Structure formats: C-alpha cells, structure tokens
Amino acid sequence: MFPYLQLFIPAFLLSTNWSVKMAPPLDQPYMSHENWVWTDEDPDVELIEPSIRVSITKNWLLFGREESKPPIEQTFSIINHSDIPVAFKIVCSDNYAYFVDKKLGIIQAERLHRIPFVLTKNIQQITVYRRPVSCFRQDYPETNKLTMHHKERLHILVAPIFTWTTSPAAAFVFTKNYEKLRICLEFTGKPPSPIDVATLRTNRRGWTTWGAGDPKKENTDAKEQSARSSNNAPT
C-alpha cells in the first residue's frame, strides 16, 4: 500500500573511506534532502509500514419502504484496533437514496483508549438513512426504485494518521493509500418490518482489514497448511 523504504547511512558519514555497494540500475541508492541514502542493500534502519486493523460491527443493512418522513435509519460502528489513529471516508453507490450523518472523521488508536486520563475512544458510530418514497416522487417521479428490490454498496475507506494536525480528507488525496471496508445496503421494497435489522455476516469479506471472513483466503491458507504438513511428514 505504501512504498517500502529503507535507510542505509547518513550522508555526512560518506567519504572516500566508505564504499557503497550499488544495486541494479532500477534499485540504485539515492540521496534524499542530502541527509540519508535510501537503498535496499543492507540498510542500517528499516521503515516498516504500520498495521491497520479496523473492523465494523455490521456489514448488511436492511431498509424497508417508508412513505413519508422521517427516513428509515440503521446504525453500525467502526472500531480501530490499531496502535495509531486512522481516518475514514464513507462513499456510497447511491448518494441520493442513502446518506450518512458523518462522511469523514478520525478514530483514535486503541492504546489511547486504554489510558484513563485521555478522553478519546477507538470507536465511531455511523447512522445510515434512506430517503422516504415522498422524496423520490418529488425529485424523480419516473424512477423505478420505489418498490423494486435492489442492493447498493457502501464503502468505508481507512487510512493511517500520523500527526494531530492532519485533516481526514488529506489522507485520501493519493490513490490506493487506504484499506477498504464493505457494507451491503439492501432495499426490500416492502413496508418496514421488525426483521429489517442490521446484521454482521462474517462469511462475507470486507468487514475487517485483516481479511477475516474471506473464503478464498481461508481456502488458500488451508491448502498452504496442508502442503506444509505433507512436506514435513516423515518418509
């Protein structure tokens, strides 16, 4: 996700007595701000990307057909299990039918949550609303989504935050520098029912950043473990 960088030696220590082993042409060491030489060949210091461990409490939200206001709502929570704060951004495939109470924000680290005198928490609750039918009839009278059963996607982008002054939106400026959590928004097309609740389906991937509930990954891990067992078996 982030570039893998390694440090070799401070540039001010370089002299005629130092010899630097050059890497292949595509991986040659280079100087950054005349302070460090960056290389992959036997570095003195290694920069390791921090682990982002974030999960959600619900990944399947059911919505019925409400004729008038107030809109139907469902809630879920984002939990940060990491040791560093993370920023989140919520995007939806249908920005008119669904809207949330908080699109951007920062969730503090779990370690700060355990310090009694620090007033922070590592969980953020999000409320998802679906507009009633009266809004569709007023703005989109010819829409066919009033009674049709369909599903939409809601994605939660998660990126690490390293300074207190960083804006949540600034963490998502670059492409592919974030993890993605997935939620399914299902519209039943029927009047609201007590069974229209939010649930967590652990067999679907995307509710954690560490790959829990991914059938393909679980099958791959099982095959690798079976292969290792067969290789280590006595002959």
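Criteria and cut-off values
Residues numbered from 1 in each chain as written. Predicted model: local features only at pLDDT ≥ 70, side-chain atom pairs only at ≥ 80, totals over all residues. Heavy atoms only, no water. Helix = DSSP H or I, 4+ residues; strand = E, 2+ residues; numbered from the N terminus. Buried < 20%, exposed > 50% of the residue type's maximum accessible area, 1.4 Å probe, protein only. Contact = heavy atoms within 4.5 Å. Areas by Shrake-Rupley, 256 points an atom, 1.4 Å probe, with all protein chains shown as cover. Polar contact = N/O pair within 3.5 Å; in protein donor to acceptor, adjacent residues only side chain to side chain. Pairing = 2+ DSSP bridges. pLDDT = per-residue confidence, 0-100. Core = buried A, V, L, I, M, F, W, Y, C linked by side-chain atoms within 4.5 Å. Patch = residues over 30% accessible without salt bridge, like charges linked within 9 Å, V, L, I, M, F, W, Y side chains within 5 Å. Salt bridge = Lys/Arg side-chain N within 4 Å of Asp/Glu carboxyl O. Lys, Arg positive; Asp, Glu negative; His and termini not counted. Charge placed at Lys NZ, Arg CZ, Asp CG, Glu CD.

Naming follows an unreviewed UniProt entry, where the chain appears as MSP domain-containing protein of Steinernema carpocapsae.

A. Structural view of the overall build of the chain. Within the chain, the secondary structure is distributed over three helices and 13 strands. Among the 235 residues that make up the chain, the fraction classed as buried is 38%. A separation of at least 24 residues holds for 73% of the contacts in the chain among residues at least 6 apart in sequence. On the chain, roughly 15,100 Å² of surface is accessible, and the fraction owed to carbon and sulfur atoms is 53%.

B. Region of the structure containing the environment of Tyr 129. Along the chain, Tyr 129 falls in strand 11 (residues 123-130). When the C-alpha positions of Tyr 129 and Gln 74 are compared, they lie 6.6 Å apart, and in sequence the two are 55 residues distant. Dropping the residues within four chain positions of it, Tyr 129 is found in contact with Pro 71, Ile 72, Glu 73, Ala 97, Tyr 98, Phe 99 and Asp 101.

C. Representation of the side chain of Asp 94 within the structure. Along the chain, the position of Asp 94 falls in the loop between strand 8 (86-92) and strand 9 (98-100). Only 3.2 Å separates the side chain of Asp 94 from the backbone nitrogen of Tyr 96, close enough to count as a polar contact.

D. View of the pairing of strand 10 (residues 104-107). Side chains Gly 105 and Ile 107 of strand 10 all project onto a buried face; the interleaved residues Leu 104 and Ile 106 project onto a face where none is buried. Bridge count between strand 8 and strand 10: four bridges; the pairing is antiparallel. Looking across to strand 10, one finds that Ala 87 is bridged to Ile 106.

E. Quick look at the confidence of the model for the chain. Per-chain confidence: the chain averages 76 in pLDDT, with 68% of residues scoring 70 or above. Contacts for the low-pLDDT stretch residues 1-26, under 50 throughout, to residues beyond four places or in other chains number 57 contacts. Long-range and interchain partners of residues 214-218, a stretch whose pLDDT sits below 50, account for four contacts in this model, where long-range means more than four residues apart.

F. Focus on the nonpolar core. Ranked by size, the top nonpolar core spans 32 residues in total, and within it Phe 76, Ile 78, Val 128, Leu 154, Ile 156 and Leu 185 carry the most contacts. Non-local contacts of Ile 78, meaning those with residues more than four positions away in its chain, are made with Val 54, Ser 55, Ile 56, Phe 88, Ile 107, Asn 122, Ile 123, Gln 124, Ile 126 and Ile 156. Counting six residues, the second-largest nonpolar core is a separate cluster that includes Ala 87, Leu 157, Ala 159 and Ile 161.

G. View of unusual backbone geometry. Going from Lys 69 to Pro 70, the amide bond is cis rather than trans, its omega being 5 degrees. Tracing the chain through its elements places Pro 70 in the loop between strand 6 (60-63) and strand 7 (72-80).

H. Inspection of a positive patch on the surface at higher detail. Together, Lys 151, Lys 180, Arg 182, Arg 201, Arg 204 and Arg 205 line one region of the surface with positive charge. Position of Lys 151 among the secondary structure elements: in strand 12 (residues 150-160).

I. Local environment of the pairing of strand 11. With eight bridges connecting them, strand 7 and strand 11 associate as antiparallel partners. By the bridge assignment for strand 11, Ser 77 is matched with Gln 125. In this structure, strand 9 lies alongside strand 11, joined through three bridges in antiparallel fashion. Paired with Val 100 across the strands is Val 128, a residue of strand 11.

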